[in-house]
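Each chain, written out:
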Amino acid sequence: FSHHRLPDATKEEGNQPATMTGDGNSPFDLFKKFYSTCLLIFCTVFLMGLMFSGQTKLAADVHPALAFIVFWALIIWLNMVEGGQGSLVGLAPVNFDLYKESHPTTYKSTGTCHRGDNLDRYLMGRQFMVIFIAFVINLSGAPLPGSKLWGFPQIVMDIFLGSGLAMILMTAQMGQLNSQVNASHCMLDYINNYFAVFTFWVAMSVEFSGLMHSSYLIAIIVGLLAGKPIESNEPPKTGGVLIFFWFRVLVSLAVLGFALSVTLEALFNKQTTIWEGLPPAVGVILFFVLMSCVGLLEGMQIAFFAVAKLTKGERGKAKFAMMTCDLLFRGKAH
C-alpha cells in the first residue's frame, strides 16, 4: 500500500494480495519505454510551441501565458484526481487502525470516504472533475484549425494535431497513467497530503450539487433489471433528505436531457468535430457505442482497484470475474 508496509493479514501461498513481479527491463520493454518517452517529449515541445505562437483556443482568445499556466496547473491536478481515485478505492477494505497514526493526512480523506456511501459519492464527483479538467486542458493546448509550426510537413501536422494524438499522449501519460500506476503501489503515501484532501472535498462538493444524480437513478434501474437491487451502506432516506435526493435527480435528468438533445441535434446537423463525410446516423451510433465503451472501461478500472488488495479467496467465485483477475494479476499484466 505504501513504502511503509502494513502487517500481512495472511501468509498462505496463493492467498496474498497481488504484487508486481519482474523488473520490466527486457530489451523490448526498454525499447517501448524509449520511444514512448521520445514521443512524449516531442508532443510536449510541439504543443508548447503552438501555445506560445497563439495557436490554441485559450492562447488566441486571452494570452499564451495564461494558457501555459492553466494547462500545467490542470495536468498536475489531474494527477491527483486520478491517483487519488486509485488510492481511495484500493484502501476501502483496509482497517483505519492500521495507518491512521502513521498516515494521519490520508486518514482525513479515508475516514470520511469509507463511511456509508461516501465512496460512491466521491466517485460520482470525481468523474465530473476528470471530464471538466480534460475539457479545459484541451482549450489550453489543442491546436486551432489550420495551425502551422516550424515548417513541419502537413502529414506530421495531420498525425499529431489533426488526429489529436499529441494532446492524447500528453494528457494520458503526464496527467493520468503515471499517477494511477504510482498510486496503485503507494496508496497510503499518495494521498497523505492536503492537496489530496482538497481534491477529495471538491469531488464531494460536485456530487452534492446534484448535477450527476441521474446516474443514481440509472444505477437503480440497472440493478432492478439485473435482479440485484443496489444495496446502501446507510439507513433508508426519509423526510427532507429523501425529497432533496429526488429533487436533485429530477434536476440532473433535466440537464442530461437538454445536453443529450443538443448533442444529437449537432450530430444530425453535422456541427461536431467528427470526421467529414461520415453520415449523421453513423455518427450517432458511434457516439453511443463509444459512450458505452467509456462506461465499461471506467467501471472496470474501479473494479480492478477495488480487488487489487484483496486476497484470491476474497474475490468471490464468479467464473468470468475469476478469469479476469487471473489475467489481470498474472506476472506484470496489472
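Note that the coordinates shown come from a computational prediction; the quantities given were computed from them, not determined experimentally. (Residues numbered from 1 in each chain as written. Predicted model: local features only at pLDDT ≥ 70, side-chain atom pairs only at ≥ 80, totals over all residues. Heavy atoms only, no water.)

**Looking at the nonpolar core**
With 52 residues, the main nonpolar core has F46, L47, F71, Y122, I137 and L161 as its most contacted residues. Every element with two or more residues in this core is listed here: α1 (27-52), α2 (57-61), α3 (64-90), α5 (118-141), α6 (154-162), α7 (165-185), α8 (187-190) and α9 (194-209). Per element, the largest residue contribution to this core is 9 residues, and it comes from α3. Judged by nonpolar contacts, the second largest core, of 5 residues, contains M124, M212, F245 and V249. (Core = buried A, V, L, I, M, F, W, Y, C linked by side-chain atoms within 4.5 Å. Buried < 20%, exposed > 50% of the residue type's maximum accessible area, 1.4 Å probe, protein only. Helix = DSSP H or I, 4+ residues; strand = E, 2+ residues; numbered from the N terminus.)

**Examining the packing of aromatic side chains**
This structure, assessed with the given rule, holds 14 aromatic pairs. With a centroid separation of 5.4 Å and 45° between ring planes, the pair formed by F52 and F68 is classed as tilted. Residue F52 is located in helix α1, and its partner F68 is located in helix α3; the two are separated by 16 residues in the primary sequence. For the ring pair W77 and F198, a centre distance of 6.0 Å and an interplane angle of 25° mean the geometry is stacked. On the criterion of sequence distance, the pair formed by W77 in helix α3 and F198 in helix α9 is long-range, its members being 121 residues apart. An aromatic cluster of three or more residues is present, and its members are F96, Y99 and Y107. Its end group placed over the ring of F245, K237 keeps NZ or CZ at 4.8 Å from the ring centre. A cation over a ring is seen here: R248 above F208, with NZ or CZ 5.3 Å from the ring centre. (Phe/Tyr/Trp six-rings, centres within 6.5 Å; stacked < 30°, edge-to-face > 60°. Lys NZ or Arg CZ within 6 Å of the ring centre and 35° of its normal.)

**A few points about the side chain of R126**
Along the chain, the position of R126 falls in helix α5. Other than its neighbours up to four places away in sequence, R126 contacts V81, E82, Q85, A203, E298 and Q301. (Contact = heavy atoms within 4.5 Å.)

**Structural notes on a nonpolar patch on the surface**
Judged by side-chain polarity, F208, L211, F244, F247, V251 and V255 come together as a nonpolar surface patch covering roughly 540 Å² of accessible area. Per-element tally for the nonpolar patch: the top contributor is helix α11 (residues 239-268), with 4 residues. Within the element layout of this structure, V255 appears in helix α11. Taking the relative accessible area as the measure of exposure, V255 reaches 38% and is therefore partly exposed. (Patch = residues over 30% accessible without salt bridge, like charges linked within 9 Å, V, L, I, M, F, W, Y side chains within 5 Å. Areas by Shrake-Rupley, 256 points an atom, 1.4 Å probe, with all protein chains shown as cover. Salt bridge = Lys/Arg side-chain N within 4 Å of Asp/Glu carboxyl O.)

**Regarding the confidence of the model for the protein**
Taken over all residues, the pLDDT of the protein has a mean of 81, while the share at 70 or more is 90%. The weakest mean pLDDT in the protein belongs to helix α13 (residues 319-328) at 76; the strongest belongs to α9 at 93. Every residue in residues 1-5 scores below 50 in pLDDT, and together they form 19 contacts with partners more than four places removed in sequence or on other chains. Counting contacts from residues 7-22, a segment whose pLDDT is below 50, to residues more than four positions away or on other chains yields 28 contacts. (pLDDT = per-residue confidence, 0-100.)

**Quick look at the pattern of salt bridges**
Across all of its chains, the model carries 4 salt bridges by this definition. Notably, a salt bridge pairs D61 with K57, separated by 3.2 Å at the nearest N-O pair. Of the two residues, D61 and K57 both sit in helix α2, 4 residues apart, roughly one turn of that helix. Relative accessible area serves as the criterion here: at 41%, K57 is assigned to the partly exposed category. The shortest N-O distance in the salt bridge between E82 and R126 comes to 2.5 Å. With a gap of 44 residues between them, E82 in helix α3 and R126 in helix α5 connect regions that are remote in the sequence.

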